[in-house]
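Given next are the chains, with one letter for each unit.
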Amino acid sequence: MKLTVDGVAAEVEPRPGQCLRTLLRENAGTTVKKGCDTGDCGACTVLVDGSPVHSCLYPALRAGDREVTTAAGLAPAGNLHPVQQRFVDAAAFQCGFCTPGMVVTAAALDEEQRADLDEHLKGNLCRCTGYRAVREAAGGETLPALARSGGIGEAVAAPAAHRVVTGTEPYTLDLAEGDVPAGLLHAAVLRSPHAHARVTAIDTRAAAALPGVHLVLTHHDAPPVLFSTGRHQNRLDDPDDTLVLDPVLRHHGQRVAVAVAESVALAEEALRLIAVEYEVLPAVLDPHRATAPGAPLLHADKDADSGIADPARNLVAELHSEVGDVEEALASAHAVVEGTWRTQRVAHVALETHAAVGWLDEEGRLVVRSSTQVPFLVRDELARVLGLDRARVRVLAARVGGGFGGKQEMLTEDLVALAVLRTGRPVQYETTRREALTALPTRHPMDVRVRLGATADGTLTALAVDLLSDAGAYGNHSPGVMFHSVHESVATYRCANKRVDARAVYTNSVPSGAFRGYGLGQVVFALESALDDLARELGIDPFTVRRRNVVVPGDRFVATSDPAVTGEDDGLRFGSYGLDQCLDLVERELPRGGDPVPDGPGWRTGSGIALSMIATVPPRGHVAEASARLLADGTWELNVGTAEFGNGTTTVHTQIGVHALSTSADRLRLRQADTDVTGHDTGAFGSAGSVVAGKALLIACERLAGQVRALGADLLGADPATAVLEPEGVRCGPRSVPLSDVHAHAVRTAGAAPRADGSDDAALRSVAFNVQGFRVAVDTGTGEVRILRSVHAVDAGVVLNPVQLRGQVEGGVAQAIGSALFEEVHRADDGSPLTVSLREYHAPRAADLGTTEVLFADTVDAVGPLGAKSMSEAPYNPVAPALANAVRDAVGVRLRRLPMRPDRVWRALAEAADRA
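Just so it is clear, the model here is predicted, and its values are computed rather than measured.

Conventions and cut-offs
- Residues numbered from 1 in each chain as written.
- Predicted model: local features only at pLDDT ≥ 70, side-chain atom pairs only at ≥ 80, totals over all residues.
- Heavy atoms only, no water.
- Helix = DSSP H or I, 4+ residues; strand = E, 2+ residues; numbered from the N terminus.
- Rg over C-alpha atoms; globule rule 2.2 N^0.38 Å.
- Buried < 20%, exposed > 50% of the residue type's maximum accessible area, 1.4 Å probe, protein only.
- Contact = heavy atoms within 4.5 Å.
- Areas by Shrake-Rupley, 256 points an atom, 1.4 Å probe, with all protein chains shown as cover.
- Lys, Arg positive; Asp, Glu negative; His and termini not counted.
- Charge placed at Lys NZ, Arg CZ, Asp CG, Glu CD.
- Axes fitted to C-alpha atoms, helices over the stretch in contact; angles between N-to-C directions.
- Parallel < 35°, antiparallel > 145°, perpendicular 65-115°, else oblique.
- Left-handed = near helix turned anticlockwise from the far one by under 90°.
- Nonpolar A, V, L, I, M, F, W, Y, C, P; charged D, E, K, R; others polar.
- Domains from an automatic or database assignment.
- Buried area = accessible area lost by both parts, 1.4 Å probe.
- Salt bridge = Lys/Arg side-chain N within 4 Å of Asp/Glu carboxyl O.
- Pairing = 2+ DSSP bridges.
- Phe/Tyr/Trp six-rings, centres within 6.5 Å; stacked < 30°, edge-to-face > 60°.
- Lys NZ or Arg CZ within 6 Å of the ring centre and 35° of its normal.

### Focus: the overall build of the chain
Secondary structure assignment for the chain yields 26 helices and 31 strands. Relative to the globule expectation of 29 Å for 916 residues, the C-alpha radius of gyration of the chain, 28 Å, shows essentially globular dimensions. Along the longest, intermediate and shortest principal axes, the C-alpha atoms of the chain span 80 × 80 × 65 Å. A buried classification covers 63% of the 916 residues belonging to the chain. Taking as baseline every contact in the chain between residues at least 6 positions apart, the subset at least 24 positions apart corresponds to 78%. Of the accessible surface of the chain, which amounts to about 31800 Å², a share of 49% is contributed by carbon and sulfur atoms. Distance between charge centroids for the chain: 1 Å, based on 88 positive and 115 negative side chains.

### Focus: the packing of helix α21 (residues 649–661) against helix α22 (residues 688–716)
Viewed as axis vectors pointing N to C, α21 and α22 meet at an angle of 25°, and their least axial separation amounts to 9 Å. Classified by the interaxial angle, the pair formed by α21 and α22 is roughly parallel. When the axes of α21 and α22 are compared, the crossing they make is right-handed. Packed against α21, whose contacting residues are Thr649, Val652, His653, Ile656, Gly657, Ala660 and Leu661, the element α22 presents Gly689, Ser690, Ala693, Gly694, Leu697, Leu698, Cys701, Glu702, Leu704 and Ala705 at the interface. In terms of residue class, the contact of α21 with α22 is made up of 10 nonpolar, 6 polar and 1 charged.

### Concerning the domain arrangement of the chain
One can read the domain layout of the chain as domain 1 (2–145 + 161–166), domain 2 (170–567), domain 3 (575–609 + 768–915) and domain 4 (624–760). Between the C-alpha centres of domain 2 and domain 4 there is a distance of 37 Å. Between domain 2 and domain 4, the contact holds 24 residues from the first and 18 residues from the second. For the pair domain 2 and domain 4, the summed buried area comes to about 1600 Å², and 53% of that belongs to carbon and sulfur atoms. Among the ionic pairs, Asp676 bridges to Arg394, the shortest N-O distance being 3.5 Å. Counting residues per element, the ones that place at least two in the side of domain 2 that touches domain 4 are α12 (375–386) and β16 (393–396). No other element matches α12, which puts 5 residues into the side of domain 2 that touches domain 4. Looking at side-chain class alone, the side of domain 2 that touches domain 4 contains 11 nonpolar, 7 polar and 6 charged residues.

### Some points on the sheet that holds strand β30 (residues 785–795)
Ordered by their spatial adjacency, 4 strands build an open sheet running β21-β29-β30-β31, and the pairing between neighbours is mixed. Looking at strand neighbours, the two that pair on one side only are β21 (603–615) and β31 (852–856), the edges of this open sheet. When strand polarity is set aside, the average angle formed by the axes of neighbouring strands in this sheet is 15°. One ladder, built from 10 bridges, connects strand β29 (residues 767–779) with β30; its direction is antiparallel. By the bridge assignment for β30, Ala777 is matched with Arg786. Lying on the sheet, helix α20 (residues 579–589) is in contact with β21, β29, β30 and β31; it crosses β30 at an angle near 150°.

### Looking at the packing of aromatic side chains
Counted according to the given criterion, the structure contains 5 aromatic pairs. Judged by centre distance (5.3 Å) and plane angle (70°), the ring pair of Tyr577 and Phe769 falls under edge-to-face. Here Tyr577 is found in the loop between α19 (563–566) and α20, whereas its partner Phe769 is found in strand β29, with 192 residues between them in sequence. Accessibility assignment for this pair places Tyr577 and Phe769 in one class, buried. Aromatic ring contacts, followed pair by pair, group Phe557, Phe574, Tyr577 and Phe769 into a single cluster. The ring centre of Trp341 lies 4.9 Å from the NZ or CZ of Arg896, which sits over that ring.

### Focus: the pattern of salt bridges
This model, assessed by the stated rule, comprises 68 salt bridges. Residue Arg21 pairs with Asp37 through a salt bridge whose shortest N-O separation is 2.9 Å. Of this pair, Arg21 sits in helix α1 (residues 20–27) while Asp37 sits in the loop between α1 and β3 (45–48), and the two are 16 residues apart along the sequence. You can call Asp37 partly exposed: its relative accessible area is 33%. Between Glu637 and Arg629 there is a salt bridge, with its nearest N and O atoms 2.7 Å apart.

### Description of the environment of Ala355
Of note, Ala355 is situated in strand β14 (residues 355–360). The exposure class assigned to Ala355 is buried, which follows from its relative accessible area of 2%. Separated by 461 residues in the primary sequence, Ala355 and Ala816 have C-alpha atoms spaced 25 Å apart. Contact partners of Ala355, with chain neighbours within four places excluded, come to Thr172, Leu173, Arg369, Ser370, Ser371, Thr412, Tyr429 and Glu430.

Okay, here's the thing in structure tokens:
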């Protein structure tokens, strides 16, 4: 049939049942993205004869003789469509994976539709932005252009902005010709139908004999090397309890076998031909039962070197520590509050699912291109698991379509690497959305009991936290999440008597992993809710009780007596302090403005606040190395290891280069997220991309600037002290020399171009603060919670890019509102998945979210680069308790379980009425 895409006609032959999305990616480039394949996210939106459609649902045959327009086709001859320009000017994307589809939808809106954007953007999901900037971009109004110079403190567009809005920025599987060698194969995974079982027999002969199938892997073919999918600088931080393929299956959805074939369809057909016999084993799905005598044991076969605290009790990790005497302090307290708060499994919903493609290069080295936040750590673990020299493995990441901690794991790369080594052919594996929701790690569910004691004036005298964390079937990240969750949360408040009892336990559930906030969100929900109850009991204003008890400069960061979590030995300090400003800002701004109270007699209104503290770099090691060099044409090359996944590090690193090298963004070339580019980079997690990799890059650029000034002065025969670096040369008084001549001079005299290296090991770590305030209305007849006003104040040090930071905060608040009100991964009583598509998982859409007013404290940090602190994950942490406190203020009932769905709110109100 004839297919016309972006004005170019071609003859194509769709396969039976093929959708338009796959046809377009196979024949017309990679502008159209895959987010769900069920019509739920809109990443694949295109125009067909001018009307937006989800191309994953649109039959390819129906596109015959029609005009199909992608985001690239909106911008002929490189000129941006007005909507695309507004998306650039509004900074209306972060990871950008949803943006091509979002832009196409917005471009098709007429004036009447733009008047109701929430309704007409409901088919497009964004996980990163919080939608405020998207609404601005889609609304049709002309926006002020962002700064072009790229300096520090300016609202600067992302370097990839033009490519993102046109859909031409390549993500992991957006492969151009020549990116990988010819002969690409595709992998698919057979997954366990049981929560706990042992494979007693597996027959792959029929699958392997299917024409087009090149390889079938089972546990018989996989290396017997234990590892953890969770990745940290110190690999011993996570327990070694996982095999690439394991005959013992510990959760629904665990890998059983892998088929590698000429196409995904053939690989999936091969999986259906694999005959497996299972011995079903007893399962434990309740974390409260997991450590009880007689509970089924998940990892009793592991030895003491595995890093598991106690395999005989399903105990991944535990901490029991006390400062002072909590029980005595509670007994003598004027007021005591206590309660248990429960948080749920939350999915990351990064719109680009986990994916990897691997091949052997000309030297026979294994190369893996992956959607990862941690390419260097994946490289190191691949080499270890597969028995390869690290120099024989290269891992790189293109732009990553969202992470939120979920891609701080090795979840696809090991299968791809093993298949490449076995076949000698390039192999690609892309998880489906169903796999992402049912088989890959989620946020840790936790039960958190809090007890607080205080004097009559609200001074805390006792603080006790008892935490039970559900690790799921494997321990990846669970020790770190557990320790981190009870560190900054408990250390935020001064109190002479503190106790922490924390356990992370195995269950036959899908594994838990890294998630934005890394455990703080769960504990802060409980602690800030309990503190609000204490303030009510004492009749003290919620702002006052916090000001009275929060840490201030000069205090020690004391969570427990255990050095592992006190922060005493890991360089944590007050690089700056803006919590007081944040409290003042929210207290002043929360009562102002906001949406009107809905009509109806059942609506009740209330306000609530919460705060959180976070260390701006992870503990126990985080290293970044960077380099910079002057190129022959007088431009600059910057090399960093950090991956860009919507965290904005590419923009910040460019701004650092502009600042330190006295140049402009268009004269910089940034290479990143490739193990061949720099010596080492621990990775983009724990908000370290700006404050660790950024500091390393700043050091490299400042050293290089010094070299270039000295070389320029030498060329001019001038005093180096008079040399000034300018965008295109070096000036000494009235005379100047071009940078290209400086480069040539260096090569002549030193035999090499000017180059400098920088590194940072995060030996010093600062703290950042966030305060969230809400005003809500609650319908007592239905339990609906409606946000009338949202205010968030941040202590981020020097704000390097205000428009980008505002977007990061809005996105963090939006994701946290979803966790607080809507989102939950549901499982049946036997552990089988119930949430299998985005349609059954309520990630917030534009209509679910209003605008959050973002306010910046005025601080300059002594630890971070150029006075900055990190702020990618911190905004998430205080949102749920602030919402819960506002609901409590409105209706007088305390919600202790997330999400606070309308049915739960209604039921809590009904139960309170019955008790009355």
